[in-house]
Amino acid sequence: MAMFGSNASFGGRKEFFTQHGVDEIYDLYTARDKGLIPYNYYKWWGFEDKKLWEYAKEELTRLGQSDQPFNFTMLTCDSHFPNGLRCEDCGREYSKKYPNVLHCCSIKVLEFINWCKQQPFYENTTIVLSGDHLTMDPNFFKDVDPNYQRTIYNCII
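All of these numbers come straight from a predicted model, not from anything done at the bench. (Residues numbered from 1 in each chain as written. Predicted model: local features only at pLDDT ≥ 70, side-chain atom pairs only at ≥ 80, totals over all residues. Heavy atoms only, no water.)

A. Here's a closer look at the nonpolar core. Counting 20 residues, the largest nonpolar core has M3, F47, Y55, L60, F72 and F112 as the members making the most contacts within it. Contributions of two or more residues to this core are made by α2 (28–33), α3 (49–64) and α4 (97–117). Of all the elements, α3 adds the most residues to this core, at 6 residues. For Y55, the residues in contact, after removing those within four places along its chain, are M3, Y26, A31, L36, I37 and F47. Counting residues in hydrophobic clusters, the runner-up holds 6 residues, among them A2, F4, F17 and I25. (Core = buried A, V, L, I, M, F, W, Y, C linked by side-chain atoms within 4.5 Å. Buried < 20%, exposed > 50% of the residue type's maximum accessible area, 1.4 Å probe, protein only. Helix = DSSP H or I, 4+ residues; strand = E, 2+ residues; numbered from the N terminus. Contact = heavy atoms within 4.5 Å.)

As structure tokens, then:
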């Protein structure tokens, strides 16, 4: 399963995942069809990551109840440029919006991983966190040493 809070067809994602063997695509339209959000609901890229995390838990619980192996891939967007989407859970530890969004998203990822650790399927699970690109905000890193080599975040648990 691949899950997005946006339209899965954006950027050819739906075709990419289906051509690589993904059976189920869950996106903005799926959430609408399931009655989870109103038909005309649209915020940021579709619906907020706060909702995506909860829908992901529901789907992972369902997938985990099968005795079959599964792959679950999801794409979050609240931290995307420009400036991200600050949900009602985001604090205001920093003077600017973007670092607050990034901090909040980091907390949400940690909470989700901790939730996964409590699930029956976790014992036989590999979690892969991967960025799809560096932030496109040129001002966010303007004070970082120009010799510092920025990289995409990757983590395997």
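From this point, the discussion proceeds with the structure in view.
B. Looking closely at the packing of aromatic side chains. Summed over the entire model, instances satisfying the criterion amount to 12 aromatic pairs. When the centroid spacing of 4.9 Å and the interplanar angle of 85° are considered together, the rings of F140 and F141 count as edge-to-face. Since its relative accessible area comes to 30%, F140 is described here as partly exposed. Owing to a relative accessible area of 29%, F141 belongs among the partly exposed residues under this scheme. Residue placement shows R13 over the ring face of F4; its charged tip is 4.5 Å from the ring centre. Over the face of the ring belonging to Y39 we find R32, whose NZ or CZ atom lies 5.4 Å from the ring centre. (Phe/Tyr/Trp six-rings, centres within 6.5 Å; stacked < 30°, edge-to-face > 60°. Lys NZ or Arg CZ within 6 Å of the ring centre and 35° of its normal.)

By themselves, these observations are geometric and do not establish any function.
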